[in-house]
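Residues per chain are reported as follows:
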Amino acid sequence: MTSEVSLKVFSYNIHKGFALGGRSFVLPAMREALKVLEPDIVFLQEVLGKHERHARRYEEWPPLPQPDFIAEGVWPHVAYGKNAVYSHGHHGNAILSKFPIRSFENIDVSTNAFESRGILHAVVDVPGSRLPVHCICVHLNMLKKGREVQLKQLCKRVMRSVSHAEPVVVAGDFNDWQESASKLLFDDLGLHEVFLHLHGEHAPTFPTAYPLLRLDRVYARGFSAVDGEILTGEPWASLSDHAPLYANLLISG
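Counting from 1, residues in each chain are numbered in the order their sequence is written. Per-residue local features are limited, in this predicted model, to residues with pLDDT of at least 70; the limit for side-chain atom pairs, both in listing and counting, is 80 or more; totals at the level of whole chains, interfaces and linings are taken over all residues. Only heavy atoms go into the side-chain values, all of them from the structure, while hydrogens and water stay out.

A separate point is the side chain of N83. In DSSP terms, a helix is any run of H or I states spanning at least four residues, a strand is any run of E spanning at least two, and both are numbered starting from the N terminus. Note that N83 resides in strand β3 (residues 77–86). Apart from residues lying up to four places away in sequence, N83 is in contact with H91, G92, N93, N106, S116, R117 and G118. A contact between two residues is defined here by any heavy atoms of the two lying within 4.5 Å.

To continue, consider helix α1 (residues 27–37). Within the sequence span of α1, burial applies to L27, M30, R31, A33 and L34. Take α1 and look down its axis: the buried residues cluster within an arc of 165 degrees, on one side only. On the buried face of α1, the contacting elements are β1 (4–13), β2 (41–51) and α3 (66–71). Once α1 finishes, E38 follows within two positions and takes phi at roughly 50 degrees, a positive value. The rule is simple: take the accessible area with a 1.4 Å probe, protein chains only, and divide by the maximum for that residue type; under 20% is buried, over 50% is exposed, in between is partly exposed. It is the directions from the helix axis to the C-beta atoms that the arc portrays.

This paragraph deals with the sheet that holds strand β4 (residues 89–97). Any two strands with at least two DSSP bridges between them are considered paired. In spatial order, the strands read β3-β4-β2-β1-β12-β11; together these six strands make up an open sheet with mixed pairing. At either margin of the open sheet sits one strand with a lone partner, and together these are β3 and β11 (224–230). The sheet shows a mean angle of 25 degrees between the axes of neighbouring strands, direction not considered. In this sheet, strand β12 (residues 245–252) lies alongside β1 in antiparallel orientation, the contact comprising eight bridges. Within β12, the residue paired with V5 across the bridge is I251. Axes here refer to lines fitted to C-alpha atoms; in helices the fit is confined to the stretch in contact. Angles between the N-to-C directions go from 0 to 180 degrees.

A few words now on the sheet that holds strand β10 (residues 216–221). Strand order across the open sheet formed by six strands is β5-β6-β7-β8-β10-β9, with mixed pairing between neighbours. Every interior strand has two partners, whereas the edge strands, β5 (101–108) and β9 (192–193), have only one. As defined by bridge partners, β5 adjoins strand β6 (residues 118–124) across seven bridges and the pair is classed as antiparallel. Bridge pairing links D108 to G118 in β6. Along the sheet, helix α4 (residues 144–161) makes contact with β5, β6, β7 (133–139), β8 (168–173) and β10, crossing β6 at roughly 25 degrees. Against the sheet, helix α5 (residues 181–189) makes contact with β9 and β10, and its axis sits at roughly 15 degrees relative to β10, the strand it touches most.

Just geometry here; none of it tells us what the structure is for.
Following this line, the structure appears as structure tokens:
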């Protein structure tokens, strides 16, 4: 007899911990807002692992890397993928999990010198699930040609590294305002976009002041999507330039 396991996931481009426009450092407020929700797995983009200049400038700058600062006390398992590296620091994607991360790998999918991008793939042991859950966090190019290359790389990664029986969640900032990625990911991988599946359209997430562009996505295979929500209004409207996405998924145990 099988049972269903609920998995609550959250995807957020945190804009390196700054509010829209980059004037106010709001990472502590982001952390508190996220802790109220307590999702099981968190997919983060534009996360700073290190920034020496900001650390000197802002008194409230945390002593820990941003992924560890956000995760502290709630998500004991952290995977960080360093993508953009510069003289004073680096940033990339992160996955925070309440459940053990069996392994993770960051794959460089950069296509030009101006956009350092990666695909962070973590394998998570979710209690009650007989199979590991593959969690993939992405932040794709702003230019269409580069995104097309990266989407093909994403498809190859899933085809090679995830058996069709194993559940997989792919979430992040796809920068896909032309909304062309979902057909490719469904046709090639059988991935359903949660908001498109539940509500008939992708979620508008950018900019937070007046969300128009549908850039952020949560894709899943091997799950039933129960609910999906765009988190707008306060406190989210005063935080990053992107609105976060929250989804409740069910997997057969």
